[in-house]
Amino acid sequence: MNFWERVDELLEEKEINRKTLAAEAGFDASNITKGIKNANIPAADTAVKIAGILNVSVEYLVTGSYTPSATEDSIAKKMRLFRKYRALISGMEMLSENNREAVELLVAKLASASPNEESR
C-alpha cells in the first residue's frame, strides 16, 4: 500500500471525501487519484498538512508503521504502571483513614530503606 492508498483508506474510515481533504490541504482532489496511480509521495509540506488533517503521522502515511515519540512512550509506560497497581489503589481507597496512613507510612519507610528503582 502506498502513501495515497493509506490516505484513501483513512478518508473512508473518517468519512471525509477527497475533495474536502484537498481543499483543507490546499491541492486539487485529482492529485489523490494520480498519486495512487503513480505511487507518488507529495511534497513534505503537503504530506504534513494531510497527516495533520487525518490526525496521523507522516511516518504512518509513508511507511504504514508508527514509532511513538518519547513522550507517547513515556505516557504508555505510566499507563501500564497505573493498570498494574489499579487494584492496590482501589484497596487503599477502601481502608479507613488510620489504616491508609499506616500503609502509606510503611511504603515510605520501605522506599527509603531500599535503592530507588526506575519504573518498568
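Heads up: these notes are all about the structure in this document.

1. Brief notes about a nonpolar patch on the surface
Here comes step 1: A cluster of nonpolar side chains, I75, M79, F82, Y85, L88 and I89, forms an exposed patch at the surface whose accessible area comes to about 550 Å².
Here comes step 2: As for its placement among the helices and strands, L88 is situated in helix 6 (residues 70-94).

2. Quick word on helix 4 (residues 44-54)
Here comes step 1: Buried residues of helix 4: T46, A47, I50, A51 and L54, and no others. The buried residues of helix 4 occupy one face: seen down the axis, they fall within an arc of 135°. Those residues of helix 4 that are exposed and aimed more than 90 degrees away from the buried face are A44, V48 and G52.

3. With respect to the side chain of R6
Here comes step 1: You can see R6 is positioned in helix 1 (residues 3-14).
Here comes step 2: Once residues within four sequence positions are removed from consideration, R6 is found in contact with M1, Y60, L61, V62, T63 and G64.

4. Let's talk about the packing of aromatic side chains
Here comes step 1: For the structure on display, the rule yields two aromatic pairs.
Here comes step 2: Pairing F3 with W4 gives two aromatic rings, centres 5.2 Å apart and planes at 80°, and the pair type is edge-to-face. We note that F3, like W4, is buried.
Here comes step 3: For the ring pair W4 and F27, a centre distance of 5.7 Å and an interplane angle of 70° mean the geometry is edge-to-face. Of this pair, W4 sits in helix 1 while F27 sits in the loop between helix 2 (18-25) and helix 3 (30-38), and the two are 23 residues apart along the sequence.
Here comes step 4: Ring pairs connect the aromatic residues F3, W4 and F27, which therefore count as one cluster.

5. What about the environment of V103?
Here comes step 1: The residue V103 is located in helix 7 (residues 97-113) in this model.
Here comes step 2: A sequence separation of eleven residues divides V103 from M92, and the C-alpha atoms of the two residues are 8.3 Å apart.
Here comes step 3: Once you skip the residues sitting within four places of it in the chain, V103 turns out to touch M92 and L95.

6. Digging into the packing of helix 1 against helix 4
Here comes step 1: Contact geometry of helix 1 with helix 4 gives a least axis separation of 11 Å together with a crossing angle of 25°. Put simply, helix 1 runs roughly parallel to helix 4. Where helix 1 crosses over helix 4, the two elements pack in a sense that is left-handed. Contacts from F3, W4, V7, L10, L11 and K14 in helix 1 reach A47, I50 and L54 in helix 4.
Here comes step 2: Tallied by class, residues from the contact of helix 1 with helix 4 come to eight nonpolar, no polar and one charged.

Thresholds applied
Residues numbered from 1 in each chain as written. Predicted model: local features only at pLDDT ≥ 70, side-chain atom pairs only at ≥ 80, totals over all residues. Heavy atoms only, no water. Patch = residues over 30% accessible without salt bridge, like charges linked within 9 Å, V, L, I, M, F, W, Y side chains within 5 Å. Areas by Shrake-Rupley, 256 points an atom, 1.4 Å probe, with all protein chains shown as cover. Salt bridge = Lys/Arg side-chain N within 4 Å of Asp/Glu carboxyl O. Helix = DSSP H or I, 4+ residues; strand = E, 2+ residues; numbered from the N terminus. Buried < 20%, exposed > 50% of the residue type's maximum accessible area, 1.4 Å probe, protein only. Arc of directions from axis to C-beta. Contact = heavy atoms within 4.5 Å. Phe/Tyr/Trp six-rings, centres within 6.5 Å; stacked < 30°, edge-to-face > 60°. Axes fitted to C-alpha atoms, helices over the stretch in contact; angles between N-to-C directions. Parallel < 35°, antiparallel > 145°, perpendicular 65-115°, else oblique. Left-handed = near helix turned anticlockwise from the far one by under 90°. Nonpolar A, V, L, I, M, F, W, Y, C, P; charged D, E, K, R; others polar.

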